Amino acid sequence: MVSPYHPEHSRPIPAAVEWLRPALISDLHRGFARWTVANMSPGALTPQRLWIDRAGLVAVRFASGAPSPRPAVGACEALAQWFVLLDKWMETYVVLARARSVWSVAELAGALPFTTPCLLPRSLARIPPNNWERVARGLAAIVIDSPLAGDLRRQ
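Because the structure is a prediction, the values reported are computed rather than measured.

Undergrad: Please provide a residue-by-residue account of the environment of proline 22, values included.
TA: Tracing the backbone through its elements, the reader meets proline 22 in helix α1 (residues 22–37). Taking relative accessible area as the criterion, proline 22 reaches 31% and is therefore assigned partly exposed. Separated by 81 residues in the primary sequence, proline 22 and tryptophan 103 place their C-alpha atoms 16 Å from one another. Every residue in contact with proline 22, bar those within four places of it in the chain, is listed here: Met90, Val94 and Arg98.

Undergrad: Got a sec to walk through the pattern of salt bridges? Specific residues and values, please.
TA: One pass over the structure, following the stated rule, counts 4 salt bridges. Of the charged contacts in the structure, one is a salt bridge between arginine 30 and aspartate 27, with a shortest N-O distance of 2.5 Å. Linking arginine 30 with aspartate 27, this pair stays in helix α1, spanning 3 residues, or about one helical turn. Residue aspartate 27 is classed as partly exposed on the basis of its relative accessible area of 25%. Across the pair arginine 134 and aspartate 87 runs a salt bridge whose closest N-O atoms are separated by 2.6 Å. Residue arginine 134 is found in helix α6 (residues 132–144), and its partner aspartate 87 is found in helix α2 (residues 76–87); the two are separated by 47 residues along the sequence.

Undergrad: An account of α2 is requested, with residue identities and associated values reported.
TA: In this model α2 runs 16 Å from its N-terminal to its C-terminal C-alpha over 12 residues, within 8% of the 16 Å that 1.5 Å per residue would give. Taken across its 12 residues, α2 has 11 buried, putting it largely inside the fold. Taken together, the buried positions of α2 are Cys76, Ala78, Leu79, Ala80, Gln81, Trp82, Phe83, Val84, Leu85, Leu86 and Asp87.

Undergrad: So, the nonpolar core: which residues are in play, and what are the values?
TA: Core analysis: the largest hydrophobic core is formed by 38 residues, its most contacted members being Leu28, Phe32, Leu50, Ile52, Trp82, Phe83 and Trp103. Setting aside chain neighbours within four positions, we find phenylalanine 32 in contact with Pro42, Leu45, Val58, Ala78, Leu79, Trp82 and Trp103.

Undergrad: Please set out the sheet that holds strand β4 (residues 58–60) residue by residue, giving values where relevant.
TA: Strand order in the open sheet formed by 3 strands is β1-β3-β4, and the pairing between neighbours is antiparallel. Each end of this open sheet is capped by a strand with a single partner; those strands are β1 (11–12) and β4. Across 2 bridges, β1 lies against strand β3 (residues 50–52) in antiparallel orientation. Residue pairing for β3: arginine 11 is matched across the bridge by isoleucine 52.

Undergrad: Quick one: what's the story with the side chain of arginine 49, residue by residue and with numbers?
TA: Residue position: arginine 49 is located in the loop between β2 (40–41) and β3. No salt bridge is formed by the buried arginine 49; the nearest opposite charge belongs to glutamate 77, separated by 11 Å. There is a polar contact of 3.0 Å between the side chain of arginine 49 and the backbone oxygen of proline 42. At a separation of 2.2 Å, a polar atom in the side chain of arginine 49 contacts the main-chain carbonyl oxygen of alanine 44. When residues no more than four places from it in sequence are discounted, the contact partners of arginine 49 are Pro42, Gly43, Ala44, Ala59, Val60, Arg61 and Phe62.

Undergrad: Give a description of the packing of aromatic side chains that names residues and reports values.
TA: The tally for this structure, following the rule as stated, stands at 4 aromatic pairs. With centroids separated by 4.3 Å and ring planes inclined at 5 degrees, the aromatic side chains of phenylalanine 32 and tryptophan 82 adopt a geometry described as stacked. Taken together, the residues span a long stretch of sequence, with phenylalanine 32 in helix α1 and tryptophan 82 in helix α2 at a distance of 50 residues. Tryptophan 82 sits in the buried class, given a relative accessible area of 0%. For the pair phenylalanine 32 and tryptophan 103, a centre-to-centre distance of 6.5 Å together with 65 degrees between the ring planes defines the contact as edge-to-face. With phenylalanine 32 in helix α1 and tryptophan 103 in the loop between α3 (92–99) and α4 (105–111), this residue pair connects regions lying 71 residues apart in the sequence.

What counts and how
Residues numbered from 1 in each chain as written. Predicted model: local features only at pLDDT ≥ 70, side-chain atom pairs only at ≥ 80, totals over all residues. Heavy atoms only, no water. Helix = DSSP H or I, 4+ residues; strand = E, 2+ residues; numbered from the N terminus. Buried < 20%, exposed > 50% of the residue type's maximum accessible area, 1.4 Å probe, protein only. Contact = heavy atoms within 4.5 Å. Salt bridge = Lys/Arg side-chain N within 4 Å of Asp/Glu carboxyl O. Expected span 1.5 Å × (residues − 1). Core = buried A, V, L, I, M, F, W, Y, C linked by side-chain atoms within 4.5 Å. Pairing = 2+ DSSP bridges. Lys, Arg positive; Asp, Glu negative; His and termini not counted. Polar contact = N/O pair within 3.5 Å; in protein donor to acceptor, adjacent residues only side chain to side chain. Phe/Tyr/Trp six-rings, centres within 6.5 Å; stacked < 30°, edge-to-face > 60°.

Any link to function would need more than the numbers given here.
Right under this line is the structure:
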């Protein structure tokens, strides 16, 4: 849905930190996954562009124009940004444990290389805390503990 206004009762994520609880993280993951299902790209995820509500609605503000189709790398780049962004205000374990119920291990593994600061939007990477490494380690732990790890070892 495209609208010139942010959704009613929503806030930019930095103004909604008190809403962030594990159950809402699950709802937000499902809301964000709609971008993947729609094959659209939310663009660079930054706290100023991301609006949420208490029901798990995720809205992305665009300065002009509309979303573009998902890039060739699929949802991996956006997922990495999403995890790093949420991890600024919620424990890594919660962000990634709740993500496992929405995305496959292969999708989580695909996000891993995009967690590096040189591939994150500069405005996201510079916001304290400097958390990209703990997100990367958490994603790596998920992959290592999965059947996908066995497939990777055989190659």
